[in-house]
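# Coordinate inspection notes
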Amino acid sequence: MINFSYTIWILLLPFLMFLLLGLAGHKLKAKLSGLLGTFGLGIITFLSYLTAYKYFFTSEKIDGAFQKITALNFTWLQFTDKLHIDMGVLLDPISVMMLIVVTTVSFMVHIYSLGYMKGEKGFERFYSFLSLFSFSMLGLVLATNIFQMYIFWELVGVSSFLLIGFYYQKPSAVRASKKAFIVTRFADLGFLIGILILSFNTKTFDFISLTNPSGAAISQGSSIGFLGLSVMTWSMIFVFLGGAGKSAMFPFHIWLPDAMEGPTPVSALIHAATMVVAGVYLVARMFPIYAISAPVALDVVAYVGAFTSLFAAVIACTQTDIKRVLAYSTMSQIGYMMLALGVAKYGGETGLGYMASMFHLFTHAMFKALLFLGAGAIIHSVHSNYMTDMGGLRKYLPITHITFLIACLTISGIPPFSGFFSKDEILAAAFQSNKFLFAVEYAVAGITAFYMFRIYFSIFWGKDTQYQHTPHEAPATMTIPLIILAIGAAVSGFIPFNKLVTSDGKILETGINLVIAIPSVLIGLLGIGIAYIMYRRESTIPDKLAAMFKYSYKWAYNKFYIDELYLFVTKKIIFRYIAVPVAWFDRHVVDATMNTIASVTQGVSFRIRGFQSGQLQKYAFVFITGAIMLAVLFIYLWK
Amino acid sequence: MDILSLFVVIPVLTITAILLLKDTRQVRVVSAFGMGLQLLMAGTLVFLYLSARHAGNSDEMLFVKDYLWFKSLNIHYSVGVDGISVAMIALTSLVVFAGIFASWEVEFLRKEFFVSLILLATGVFGFFISIDLFTMFLFYELAVIPMYLLIGIWGTGPKEYSAMKLTLMLMGGSALLLVGLLGIYFNSSPDANRLTFNILEISKVVIPLPAQRIFFPLTFVGFGVLGALFPFHTWSPDGHASAPTAVSMLHAGVLMKLGGYGAFRVAIFLMPEAAHELSWIFIILTSISVVYGAFGAIAQKDLKYINAYSSVSHCGLVLFAVLMMNQTAMNGAIIQMISHGLMTALFFALIGMLYGRTHTRIIYEMGGLMKIIPFLGVCYVIAGLASLGLPGLSGFVAEATIFVGAFQHPELFYRIVTILAVSSIVITAVYVLRVIAILLLGPTTNEHFEHLPDARWFEKISVVTLIGSVAAIGLAPFWLSSMIGTSLHPIIDKIIALNPF
């Protein structure tokens, strides 16, 4: 056995860094705190790569399968004899892969922010929040049990809240951060209920015993039914709600576009590459349960994923804020990953979707972080988020231009870039199991290529915009991460995922499926071609098209009015029709009853206090009258 | 002198010292010294308790002392603690300590203020160390009386009304409670000639079920009034809104916990069969408290009202969990009492500090304060996050324990209401974030507030003490949970022996 106990530092270091920068950051020089944070994350990145190397290439396989290794584990809170929250580190193919994703992107973002956030007020606060986020995300990834995951799940939620609201004096940022927290909290309620149902039936939180395909937990839970479905299915559907909230799946997606109010490096790190894929990771983590004892829940995952990917892609075609286009694109791509998990089964050939999903998660993290950081560089030089303010930037931002182009080609699935490989596996997996979902995803591939090149052409080509200040290329702290990520996005398709990350840990034989690969490249090229015609030069086609499909365009442009629906539910229904009446009821019914008791008592006592007048004559009068009345009463009654 | 009685003696000595002082400026120093000593004592007690347990002492109560003081009714001054009361004592001394510093700048009748405040604390400490029902009740009443004066004299707004309402409602509760306690007393011995008020002795006999059916609801509601049980909670918003800062802190932080503690230690422990039989009624009421309080908080404008309704919701969760009558849920109930005590005290301290600066508690009149008073702002955010159950702070530990415990209940009805109660985590998030957004974030709305001073040193002591405790429980809950859990075993064993589920 290899000793992995050093992995505790992967968790401890960012936490200590958070405390240091959070408590003492304002005393340090801004630059020093940034460098400290970056340096700390550099160490963690190194440790993660070391762990990945040791795990994938030197650890012992049993039966040809990677083993789940509990590097360390201690009881944090004991509930009952069997139920306890542990804190620990679990290493298995997906957690190690996520380690690489999280630390790589986070490290790049740390370096990038040294340039991007330079001179901002609250620089050290930014880095302390980034450290908090890295800590929470790594804890989520390495969790040994579902409750530990829930704990860090909430913590990433709060770090996301803090970072979206980083510009806390800007009302739109405050609103967005609040919305993100509350929407995901609502989804987390589902997650928590799912955990409760799961733990009630299986009496364990531990991932290894929960997901052991031949273990007691899976068989126990699936035999008990409730309202027509097994309790396992119910709990997995609830757990998926949590995942759907974090991963911005329909109908919980509304927080993600608004979350773009945060600084762009944050959007790259949290809202593109790492936190938003936590939902995918959660489903992958619980995958044996989904596949073996809750197939209905897995279908829900597939259909929600497919719908979201189409829905978001359509909206992305109409938006003009580049960060929002990228946000919808993220939702769409995560939909792909969910779908791939949804069509997979446990083990063997049919487990292709699982591997494809993880593969796409990996490549997506690289190219989407690259897209966001590139967008950041553009915004940094143009001082606007809107495509309408940009055009012809290829002359001014050569490095950004090339790296952005690579990212666009990658997401469009053009070989030999990495997106081609991972998307191809997903389409193949969908083709194997469900032709309808395959058709949806095939169409989405074309739409994706179209909207990506729509923004590419409008920003870097298109009309020659006159700028007040000539845009200039970003400093090296920003371009170096771009170049590194571009290399990652270009070549990571050649990583043999089928040998490393599979549903049962064993090697899966795959190859390029030409029947699917050729049409998918063609539809990508078609999308690019249409975008070329419409946006390469200034043209009136887009406006004409928009006028032609006036109503559908308007619906898509207004994001199908889901935001308005939410506002209606929260502002009108919850606030005006529940909270306000409850408050009124409390004051005017419950409290009034209590006050009435008091005032009745008081009123009665005012009435009867006249009897206690202190006048002897009155007392004598009452006494004698009473005595006579009693006497008369007795005489007549007892006769 | 035994260590437990010191918890009553030190405050009494502090009061005497204050009364003897000529210079009112020294009053607060003496108070701070006395309550600081008390905090040290509480630390010592925790240490002594844990080392005694570690050494293998498995008695139900430790440090037991017993003095007969009223022979004909067999009333004793009888003290003893287990892990639960030790935890409550530690909570009380923390909150009182923070409360003294939060009222550092009380000018009006300073001497009398501190005397009443510490007298109130004396009652609370006495309550938690007592194991004789009569003495316990005595201390309980001792705590309620100074409350009337503190709100009526040093309060704000319609203070006479609020003070009267609070006192009358709590006294109404006490009346029910007194009947309940006497009922227990007269059933405390099968042959009726060795009647006793001692909890440990009563727990060894089984009170006849018909008597339990009468006296359990009386006792439970009697304590429930103090624990803000729906629909007897309405003293809480008015009382808190009118009370001065330290009194709100003590009241919500500690005094409301007397209700939860009593409901658990007296009503359920001594009459478990009736508790089991009738629990569904009170489960419904407490679930209403939890959700209703949270919804009520969303629509409020006054910071103190928001916090009062939030307390109704959180304290409802305490009684809810106690009624689930299993080890985990009860453990959660007690952690929730401590957690809520600390964070609500923190809230009220901060609200008092904000009010001292802005002279308003209406959230819409403030805005963008984070930029002006970052220290207080950050502390308010931390308190808010603790309140909405963020992991790493104490609220999460309590709620997670309660929810997991309650969901282990074998009957489906109880699990369904648990889900209802769990849904409060979302509503809590809504009102907490609403307040933070309106109060602290966004642009500064009122230019008069541009130059408010940030926290002073005594305010920092008060706030940091509380935040430190909240974070300590949140980061390392295992020792607290196991300290409480060990002491719950005998109680749970008794409940299970009488109610085979």
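Let us look at the structure shown here. Being a predicted model, the structure only gives us computed values, none of them experimental.

Scanning chain B from N- to C-terminus turns up 20 helices and 2 strands. Relative to the compact-globule value of 23 Å for 501 residues, chain B shows a C-alpha radius of gyration of 22 Å, a close match. The dimensions of chain B, computed from C-alpha atoms along their principal axes, are 75 × 60 × 45 Å. Going through the 501 residues of chain B one by one, you find that 62% of them count as buried. Here the analysis covers contacts within chain B between residues at least 6 apart in sequence; of these, 80% occur between residues at least 24 apart.

Facing the 38 residues of chain A at the interface are 43 residues of chain B. Secondary-structure elements contributing two or more residues to the side of chain A that touches chain B are strand E1 (69–78), helix H5 (146–164), helix H6 (171–202) and helix H25 (562–608) of chain A. Among the elements that make up the side of chain A that touches chain B, the one with the highest residue count is H6(A) (13 residues).

Another point: the pairing of E1(A). The side chains of a regular strand alternate between both faces of the sheet. Residues and elements named next belong to chain A. Here E1 runs beside strand E2 (residues 84–91); their pairing, made up of 8 bridges, is antiparallel. The residue bridging Leu77 from the neighbouring strand is Ile85, located in E2. Between the end of E1 and the start of E2, which pair antiparallel, lie 5 residues.

Okay, the packing of helix H12 (residues 303–324) of chain B against helix H16 (residues 394–407) of chain B next. Residues and elements named next belong to chain B. Following both chains from N to C, one finds H12 and H16 inclined at 35 degrees, their axes separated by 9 Å at the closest point. When the axes of H12 and H16 are compared, the crossing they make is left-handed. Across from Leu317, Ala321 and Met324 in H12, the residues of H16 making contact are Ile402, Gly405 and Ala406. Broken down by class, the residue content of the contact of H12 with H16 amounts to 5 nonpolar, 1 polar and no charged.

Moving on, we get to helix H1 (residues 8–24) of chain A. Residue and element names in this part refer to chain A. When the terminal C-alpha atoms of H1 are compared, their 24 Å separation across 17 residues agrees well with the 24 Å that a helix rising 1.5 Å per residue should span. Along H1, the residues that are buried comprise Ile10, Leu11, Pro14, Met17, Phe18 and Leu21. Projected down its long axis, H1 carries its buried residues within an arc of 135 degrees, all on one side. Away from its buried face, by an angle of more than 90 degrees, H1 presents the exposed residues Leu12, Leu23 and Ala24.

This next bit is on the environment of A:His472. All names here are of chain A. Topologically, His472 is positioned in the loop between helix H19 (435–460) and helix H20 (476–491). The exposure class of His472 is exposed, given the 10 C-beta atoms found within 10 Å. Along the primary structure His472 and Pro398 are separated by 74 residues, whereas in three dimensions their C-alpha atoms are 9.5 Å apart. For His472, the contacting residues outside a window of four places in its chain are Ser381 and Tyr396.

Along the chain, A:Phe250 connects to A:Pro251 via a cis peptide bond; the corresponding omega equals 0 degrees. Note on placement: A:Pro251 falls in the loop between helix H9 (231–246) and helix H10 (255–258). With omega at 0 degrees, the peptide bond leading from B:Phe230 into B:Pro231 counts as cis. Checked against the element boundaries, B:Pro231 lands in the loop between helix H8 (209–226) and helix H9 (235–242).

The rules behind these values
Residues numbered from 1 in each chain as written. Chains lettered and ligands numbered in written order. Predicted model: local features only at pLDDT ≥ 70, side-chain atom pairs only at ≥ 80, totals over all residues. Helix = DSSP H or I, 4+ residues; strand = E, 2+ residues; numbered from the N terminus. Rg over C-alpha atoms; globule rule 2.2 N^0.38 Å. Buried ≥ 20, exposed ≤ 12 C-beta atoms within 10 Å, placed from the backbone. Contact = placed C-beta atoms within 7 Å. Pairing = 2+ DSSP bridges. Axes fitted to C-alpha atoms, helices over the stretch in contact; angles between N-to-C directions. Left-handed = near helix turned anticlockwise from the far one by under 90°. Nonpolar A, V, L, I, M, F, W, Y, C, P; charged D, E, K, R; others polar. Expected span 1.5 Å × (residues − 1). Arc of directions from axis to C-beta.

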